[in-house]
Amino acid sequence: MKPHPPSLPAAAPHLARARELVAEGRADDAAALLERHPSPAADSLHRTIATRAATAALQRQEIAAATAWLDRGLARSPADPTLNFFRGNLYQDSGHLAEAVACLRRCVAADPGREEFVCNLAYSLLEAGELAEVVALCAALPSSASAQLNIGVACSKLGDSHKAAISYREATRLNPEMFAGWLNLGGTLDLLDELTGALAAYNRAVALCPTSARAHLERGHVFNRLKRFDDAVASFGRCLAIEPSNLEARLAIANARLRLCDWQDIPSLRAEVIDPALASPGGIELLTPFFLLALPGTATQAELRRVAETRSARFGRGAVPLRAAATIPAGRPLRIGYVSPDFGNHAVGNCLRTLFARHDRSRVSVHAFSLLAHPEDAFRAAIRAGSDTWDDLHDLADRPAAEAIAAREIDVLVDLAGHTKANRIALFAYRPAPVQVTWLGYPGTTGASFIDHLLADEYLIPPEEEPAFSEHLIRLPGSYLPTDDAHDIAPSGGERAANALPESGFVFCAFNNAYKIEPLVFGAWMEILRRTPGSVLWLRGAAPVLEANLRREAAARGIEPARLVFDPRSLPRAEHLARHRAAGLYLDTHFYNAHSTAADALWAGLPVLTFPGRSFPSRVGLSLVSTLGLADELVATSLEDYVERAVALAAAPDHLAALRARLAEAITRPGGLFDTAAFARKLESAFAQLCRRTP
């Protein structure tokens, strides 16, 4: 006898009917039928129906319908990876990060090697701030370009730019067509000051996506840093052609044009860019403190504080203090840590070249923390030799860098960069020292809650402007700017012929960076030339387009363009100082003075005429000449007074010679502007006060 065939499972009729309903376009009825008759086979068909219905709804952009189908499917099959994947992505899109992470974790648990599961979970974890988990998760997919991209983003957020760059490079090797990889690589190399590599990465990003406004914008920033300002203007212009309302590009193009002395944006900048940016939370995020500080007359000190606070607030999020409450032991010298990206042949490095060595080791020990790998030169060597310890932090992320500083048990940590390029304000958010100070490198407030004090002097910040600074102000006696009294001046090189200057006629000099030159002060300079027949204005050499712009502006003001003499040479320091002898008077800029450049001119014996404004960067000239005791002659009270004083000095050689003699005497005065050891004593006393010690 043959055996009877096995009976059909009880759910079989319902499965068949559900399939018929699906074929009739009645997916909802099919799902409802299956929900009344649960079984493994019914569950499987139910998942299929829910997945297909959700997919179709997503294709029609019917998000509510798709969500309903996914929730229905997950109620029956909560571990299904496909349903969790789609639902997790919808949670991600709607900002529900915890729910997105939970769904996507189920996907990865079901299939740990599936790239889209891992990378989408990584994306949600990035948004949720679970950065270490992202790195560990994506490391399991070494051949995935998307996984490497996510590792790079996580490392960037952790402040580890070196590891980020490695991951981005690997992502672009695995997928040379990955636009995001090239874009992020460019940004990371820019942070690392590897500008040639950054430009190459951005060039590739632009080639892959020429309609990306951001790619053109970021490439423009690199051109700016490479001092290729005409290329920067072109890149920012392409960005604006794609996004005409891009405030960051509007600000950047104005800044780049200012560096070319092309002033077309200045009249409209406040109304069209600054006001709209300040008026919105998103807009203020786009404003960079140094760019705003350098644009003439576009922002108040209080507005600069708002922008700086917005920028610095990013760095304090999630940072756990390391030594905020550390006790400073009595009896031993204070441990002073100096943090800078500019320990080399840079304006800051020039000011500090011998200062560290002049510190009194019975009062302080000196610990240098270098943020950039400058070439080994005489400046870097002198700064290193003057330090008791030296730590290179450029390879460390912010938290490890802060831990390295904390390990030195620093008492007073000094930020020397503020909001200038390659700064690492973020590491100060970890409080690696109980007392944290900003000084020298940035003439403004950091806006950082974790920076306690700002070293200034009695001239830089008028009392009514103090509320515009987030830090407690420490006013040093005399100028806040350190100088190096060991700089040699070459015995020759100050002759007119050696500097391509005319044999006769008065020589006015202004070796400032071009971005400090703007229409107001340039107009005053041209009036000075007009009223001083035969005189010339001696300027730092620059790009041909910049020189052409200034010559055009001179001609528009009735001055023969040839009376502007551009010196293109980059001389060794002793010879640079010597060439100042060929000039009769240094004309300072107004909105942003010469700082270390003015100190160089004074050290070389060249009087500096300055017209201070209300802002910190516009009052450094006042600080310098007042400390020398020459304010009566060299500080103008108005623009008209500035012109009158310059013209009068040029017309009175005996008076000018007497002024030079007074300057020569002031240079050698003990305790004066050019007494580096005395300046070190001032700093030590200030640090002692901050640590509640008797100076």
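First things first, this report covers the structure right here in the doc.

Definitions and limits used
Position labels on residues start from 1 in each chain and follow its written sequence. Local features in this predicted model are restricted to residues of pLDDT 70 or higher, and side-chain atom pairs are both shown and tallied only at a pLDDT of 80 or more, whereas totals for entire chains, interfaces and linings draw on every residue. The basis for every side-chain value is the complete set of non-hydrogen atoms in the structure, without hydrogens or water. Only runs of H or I of at least four residues qualify as helices and only runs of E of at least two qualify as strands under DSSP, and these elements are numbered from the N terminus. Each residue's exposure class comes from its accessible area (1.4 Å probe, protein chains only) as a fraction of the maximum for that residue type: buried when under 20%, exposed when over 50%, partly exposed otherwise. We call two residues contacting when some pair of their heavy atoms lies within 4.5 Å. Using a 1.4 Å probe, the Shrake-Rupley method yields the accessible areas, and only the shown protein chains count as cover for residues. Pairing between two strands requires that DSSP report at least two bridges joining them. Axis lines are fitted through C-alpha atoms, for helices just across the contact stretch, and the angle between N-to-C directions can take any value from 0 to 180 degrees. For our purposes a nonpolar core is just a set of buried Ala, Val, Leu, Ile, Met, Phe, Trp, Tyr and Cys residues, chained together by side-chain atoms within 4.5 Å. Geometry of aromatic contacts follows a simple scheme: Phe, Tyr and Trp rings, the Trp one being its six-membered ring, pair when their centres are within 6.5 Å, and the pair is stacked under 30 degrees between planes, edge-to-face over 60, tilted otherwise. A ring is considered to have a charge above it if a Lys NZ or an Arg CZ atom is located within 6 Å of its centre and within 35 degrees of its normal. Under the convention used throughout, the expected extent of a helix is 1.5 Å for every residue step, that is, one less than its residue count. A positive count includes Lys and Arg, and a negative count includes Asp and Glu. His and the chain ends are not counted in either. Any Lys or Arg side-chain nitrogen located within 4 Å of an Asp or Glu carboxyl oxygen qualifies as a salt bridge. We call a crossover right-handed when, viewed with the strands running away from us, the connection from the first strand over the helix to the second turns clockwise. The disulfide definition used here is simple: a pair of cysteine sulfur atoms within 2.5 Å. In protein, a polar contact requires one atom able to donate a hydrogen and another able to accept it; more generally it is a pair of N or O atoms within 3.5 Å, and residues adjacent in sequence count only if both atoms are side-chain atoms.

A few words now on the overall build of the protein chain. Each helix and strand in the protein chain was counted, giving 33 helices and twelve strands. Taking the principal axes of its C-alpha atoms as reference, the protein chain extends roughly 135 × 65 × 45 Å. When each of the 695 residues of the protein chain is scored for burial, the buried share is 56%. Across the protein chain, the fraction of contacts at a sequence separation of at least 24, relative to all contacts at a separation of at least 6, is 65%. With an accessible surface of roughly 28,300 Å², the protein chain has 55% of that area assigned to carbon and sulfur atoms.

Along any regular strand the residues' side chains alternate between the sheet's two faces. Covered by surrounding structure in strand β5 (residues 435–438) are V435 and V437 together with Q436 and T438, the residues of both alternating faces. Relative to β5, strand β4 (residues 412–415) runs parallel, the two being bridged by four bridges. Residue pairing across strands places L413 opposite Q436, the latter belonging to β5. Both β5 and strand β6 (residues 453–457) contribute to a ladder of two bridges, which runs parallel. Within β6, the position partnered with T438 by the bridge is L454.

Turning our attention to the sheet that holds strand β11 (residues 585–587). The sheet built from five strands is open, its strands ordered β10-β9-β8-β11-β12 with parallel pairing. The sheet is open, and its two edges are formed by β10 (564–567) and β12 (608–609), each paired on a single side. For β11 and β12, the ladder comprises two bridges, and the chain directions are parallel. Directly across from L587, in β12, lies its bridge partner L609. The sheet contacts of helix α31 (residues 639–651) involve β8 (507–510), β11 and β12, and relative to β11 the element is tilted by about 165°.

This part takes up the nonpolar core. The biggest cluster of nonpolar side chains holds 188 residues, and the ones touching the most others in it are Y338, W439, W525 and Y642. Counting residues in each nonpolar core, the second largest holds 20 residues, with A50, W69, L70 and L90 among its members.

So, on to the packing of aromatic side chains. On inspection of all chains with the given rule, the structure shows 16 aromatic pairs. Considering the side-chain rings of F290 and Y442, the 6.5 Å spacing of their centres and the 50° angle between planes classify their relative orientation as tilted. On the criterion of sequence distance, the pair formed by F290 in helix α18 (residues 289–294) and Y442 in the loop between β5 and β6 is long-range, its members being 152 residues apart. Residue F290 is classed as buried on the basis of its relative accessible area of 16%. Note on F290 and Y515: the rings are 6.2 Å apart at their centroids and 75° apart in plane angle, and the pair reads as edge-to-face. One end of the pair, F290, is in helix α18; the other, Y515, is in the loop between β8 and α25 (519–530), with 225 residues separating them in the sequence. Across the pair, Y515 and F290 agree in class, each one buried. Aromatic ring contacts, followed pair by pair, group F290, Y442, Y515 and Y592 into a single cluster. Lying across the ring of Y515, R259 places its NZ or CZ 4.4 Å from the centre.

Here we take up helix α14 (residues 229–242). Taking 1.5 Å of rise per residue, the 14 residues of α14 would be expected to cover 20 Å, and the 20 Å separating its terminal C-alpha atoms lies within 8% of that figure. Tucked inside the fold, the buried residues of α14 contact α13 (213–225) and α15 (247–259).

Through backbone hydrogen bonds, the strands of a sheet pair up, either in parallel or in antiparallel fashion. As summarised here, the arrangement of the seven strands in space is β3-β2-β1-β4-β5-β6-β7, forming an open sheet in which the pairing is parallel. Each edge of the open sheet is held by one strand with a lone partner, namely β3 (389–392) and β7 (472–476). Pairs of neighbouring strands in the sheet enclose a mean axial angle of 25°, with direction left out of account. Where helix α33 (residues 676–690) meets the sheet, it contacts β1 (334–340), β2 (364–370), β4, β5, β6 and β7, and its direction lies at approximately 145° from that of β7.

Turning to the side chain of K682, a few remarks are in order. Relative to the elements of secondary structure, K682 occurs in helix α33. Buried charge without a partner: K682 forms no salt bridge, and the closest opposite charge is D457, 7.1 Å away. Residues contacting K682, with those up to four places away along its chain left out, are L476, P477, G478 and S479.

Attention shifts here to the pattern of salt bridges. Pairing between side chains of opposite charge can happen when their charged atoms approach one another. For the coordinates displayed, the defined rule picks out 43 salt bridges. Among the ionic pairs, R270 bridges to E303, the shortest N-O distance being 2.7 Å. In this pair, R270 is assigned in helix α16 (residues 266–278) and E303 in helix α19 (residues 301–316), connecting sequence segments 33 residues apart. With a relative accessible area of 28%, R270 lands in the partly exposed category. Using a relative accessible area of 15% as the deciding quantity, one classes E303 as buried. In this structure, D485 and R358 form a salt bridge, with 2.7 Å as the shortest nitrogen-oxygen distance.

The next point concerns the environment of G159. Summarising the element assignment, G159 is placed in the loop between α9 (145–157) and α10 (161–174). Non-local contacts of G159, meaning those with residues more than four positions away in its chain, are made with L396, A397, D398 and R424.

Turning next to the pairing of strand β9 (residues 536–540). Of all five residues in β9, four are buried, a share of seventy percent or more. Looking at chain direction, β8 and β9 are connected through four bridges and run parallel. Counted as the bridge partner of F508 is L537 from β9. Considered for its hand, the β-α-β crossover made up of β8, α25 and β9 is right-handed. Between β9 and its parallel partner β10, the chain crosses via helix α26 (residues 544–556), and the hand of that crossover is right-handed.

Attention now goes to the state of the cysteines. On inspection of all chains with the given rule, the structure shows zero disulfides. No disulfide involves C509; its nearest neighbouring cysteine sulfur is the one of C261, lying 15 Å away. You can call C509 buried: its relative accessible area is 0%.

Looking now at the environment of A100. If you trace the backbone, A100 turns up in helix α6 (residues 97–110). Taking the relative accessible area as the measure of exposure, A100 reaches 0% and is therefore buried. The spatial distance from the C-alpha of A100 to the C-alpha of L125 is 9.0 Å, given a sequence separation of 25 residues. Here A100 is in contact with G88, Y91, Q92 and S124, once residues within four sequence places are set aside.

To continue, consider the side chain of H419. Tracing the chain through its elements places H419 in the loop between β4 and α24 (425–428). Judged by relative accessible area, which is 9%, H419 ranks as buried. Among the polar contacts made by the side chain of H419, one reaches the main-chain carbonyl oxygen of T446 at a distance of 2.8 Å. What H419 contacts, discounting residues up to four positions off in sequence, is P289, F290, A308, R311, S312, I425, Y442, T445 and T446.

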